Every structure is written in structure tokens, then in C-alpha cells.
Amino acid sequence: MINLKQSGKLGFGTAPLGNMFRDVPEQEALDTVKAAWDNGIRYFDTAPFYGAGLAEMRLGEVLSKYNRDDYVLSTKIGRLILDEKEEKEGLFEFGRKNKIVNDYTAEGTLRSIEHSLERLNTDRLDFVYVHDISPDFHGDEWLSKFEEARTGAFRELNRLRDEGVIKGWGLGVNRTEPIELANELEETKPDIHLQATRYTLLDHEHALQRLMPGSEEKEIKIVVGAPYGSGVIAGGSHYEYKKAPSKINSKVELMNEIANRHQVSLISAALQFSAAHPAVAAVIPGTTRPERIQENISAMNAEIPVAFWQEMKEQNLISAEAPLPIKE
């Protein structure tokens, strides 16, 4: 489904390139993408939402210098970037000021893809995800948004896939429920989903019970986004894109104590844990620091003793049902 070549299951998530949480210098952003390429990363995921097109523009500036057949590219639909400007707050307050509107219709889907191709400076996309049709963004209205996507975006992406314009499509969400619902539809069939925050060291029980079995049964692959819980596992202060609560910080502290006893890096454990499930096609941590790329690759390849995983299970920090990256 996704041929990641040198980098195994490791891809690159570009949300931070859209100035998520901070104003990232242009050259630093471009150097980070270049470092990903130079270190063998060949799957890149982005979205119009990330800085109102900023992440796509920065990614496209670097990737356009390489042979398009040599990498896998995905972006998302569901939001259109307008020329109108407005003040921003929240995740991307440091991004571009262009106004963003939600649109999950067939027409909006085609417009979004057209605009993304321009920003990415490319002639084609491999995978397209329907972005954020879930309760965390739309509250009680999420099911009506899902219905708009079902009769609009889903059918249009299904058609583009069947016609060979794209390789596949699915949802890009922070919750499992929309994916579970999409997988049960009969008139459209997704190929792959990007699921962020719900299959990590910190939170995976629900996904193990509800998301992964159905995806495996229907041969629909999962890309794991935010494997560090949006930062807290890697030493950051955010969990699920907000300030991490004390309960989560305490849990990470306990995990780090166990990791230190076994001389294990917690980012190694996080990446390898998320990648170990057979339904997972790729894990896509994001960063804006070029040096973090090599750290992620080293973490993905590091040896982790079986005793570490055993203690994590004994402490009820990971599910007894979770597939683990243990070499036979």
C-alpha cells in the first residue's frame, strides 16, 4: 500500500511546518524536510489546515526538486483556504492569516485537491484523507458533517481512486468513531485511514478493541499520527494538541522511570509500539527540527529488551492484547 523504502514504517507528518504552536523560521522548516529526505524518509503527509496552506507550500518547495515517483504524498480535504484574511488563535495562530471554511461536498473536495496541488507544486497525490469529521472539531454536529462527506467527499474520492487519479483515500481524524462508521458503509470503501492520538503508548485500549480488528478484517490500513501524543511522550508539554494535564504527565514520568531502568528511550518505545500492529502501514511523527529526523530514525531501529515490555504490562501501562515489537 505505502512503499516507504529505506525508512521502514517511518514517515513524516508536517503539521508543525504550518507554525503549530510557534513561528517557525522558513529556512528551519525547509531544512527539516530536506533532512527527512536525506535520511531516507519517503512518505510525507500534509493538509491545508496546517497553517492555512503554509505546511503544503513549504513541503512542496522541497519535494518538487525530487523525482515524483520516488516518494509517497498525502494531503487532506474538508477545508478550503480563502483569500480573505482574519486574525487567528489556537493551534495555528502563527500560520497564514487566510480564512478557512469547512466543505465536505464533492465540489469542495475537487477544489481543495486542485488548490493543494498548486501549493505542493506537484501534478498528483497518492492518498487523500477527509479531515476532522469528528466530535473533537464539530461537537454534536459531527454526524451531519459526516453525512455531508458521505454523499460528497467519499463518493468523489471513491471515483478518483477507481479512475486511477489517486491510489486511495480514507479519513484523517483524532477519534476512532468516524473511521468505524466509514468502514461499515457499503456504497464507498476506504483504503487507508490516518488516525492520530488513539494508537499510542498513552492511549490504545479503545483502538485495540474497536478500530484495529475491523480495519484488519476489511484490509484497510492505518497510518498512526501523533505517536508522541502530540509531544508529551517526547518531552514536550502538549497532549492531544493541548496543555498536558497532570495525570498524563505523571503517567509519562512513570513510563520514563521504567524506560531508564532498561536503558530505553521512550520515543523508541512509542514509535516501535505504534508501528508493531499489523494494521499499521506507517507512523508519522512531526517536527520542525532537522536533528530530530535522525533521532526518530535511530529510535525506530533501536533494540528494546523484552523485559521493558514485560514491566510495562505488569504496571498496566500497556494492554496485554497489544502486539509488541519483540524480535523472535
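Criteria and thresholds
Residues numbered from 1 in each chain as written. Predicted model: local features only at pLDDT ≥ 70, side-chain atom pairs only at ≥ 80, totals over all residues. Heavy atoms only, no water. Salt bridge = Lys/Arg side-chain N within 4 Å of Asp/Glu carboxyl O. Helix = DSSP H or I, 4+ residues; strand = E, 2+ residues; numbered from the N terminus. Buried < 20%, exposed > 50% of the residue type's maximum accessible area, 1.4 Å probe, protein only. Phe/Tyr/Trp six-rings, centres within 6.5 Å; stacked < 30°, edge-to-face > 60°. Core = buried A, V, L, I, M, F, W, Y, C linked by side-chain atoms within 4.5 Å. Contact = heavy atoms within 4.5 Å.

### Examining the pattern of salt bridges
Line of reasoning, step 1. Per the counting criterion, the structure on display carries 23 salt bridges.
Line of reasoning, step 2. A salt bridge links Glu-311 to Arg-261; the shortest N-O distance between them is 2.3 Å. Of the two residues, Glu-311 sits in helix 12 (residues 306-314) while Arg-261 sits in helix 9 (residues 246-261), which places them 50 residues apart along the sequence.
Line of reasoning, step 3. With relative accessibility at 14%, the residue Glu-311 sits in the buried group.
Line of reasoning, step 4. Taking the relative accessible area as the measure of exposure, Arg-261 reaches 52% and is therefore exposed.
Line of reasoning, step 5. Where salt bridges share partners, they join Arg-22, Glu-28 and Arg-289 into one cluster.

### Topic: the packing of aromatic side chains
Line of reasoning, step 1. Going through the model one piece at a time under the given rule, you end up with 14 aromatic pairs.
Line of reasoning, step 2. Relative to Tyr-71, the ring of Trp-37 lies with its centre 5.9 Å away and its plane at 80°, an arrangement referred to as edge-to-face. You can see Trp-37 sitting in helix 1 (residues 26-38) and its partner Tyr-71 sitting in the loop between helix 2 (54-63) and strand 3 (72-77), a full 34 residues away along the chain. Neither Trp-37 nor Tyr-71 differs from the other in exposure class; each is buried.

### Some thoughts on the nonpolar core
Line of reasoning, step 1. Phe-44, Phe-154 and Leu-201 are the most contacted members of the largest nonpolar core, which has 87 residues in total.
Line of reasoning, step 2. Sort the elements by how many residues they give to this core and helix 10 (residues 266-276) lands first, with seven residues.
Line of reasoning, step 3. Setting aside anything within four residues of it in sequence, one finds Leu-201 in contact with Ile-233, Met-255, Leu-266, Ala-269, Ala-270, Phe-273, Trp-309, Met-312, Leu-317 and Ile-318.
Line of reasoning, step 4. Counting eleven residues, the second largest nonpolar core, distinct from the first, contains Tyr-43, Phe-127, Leu-194 and Ala-282.

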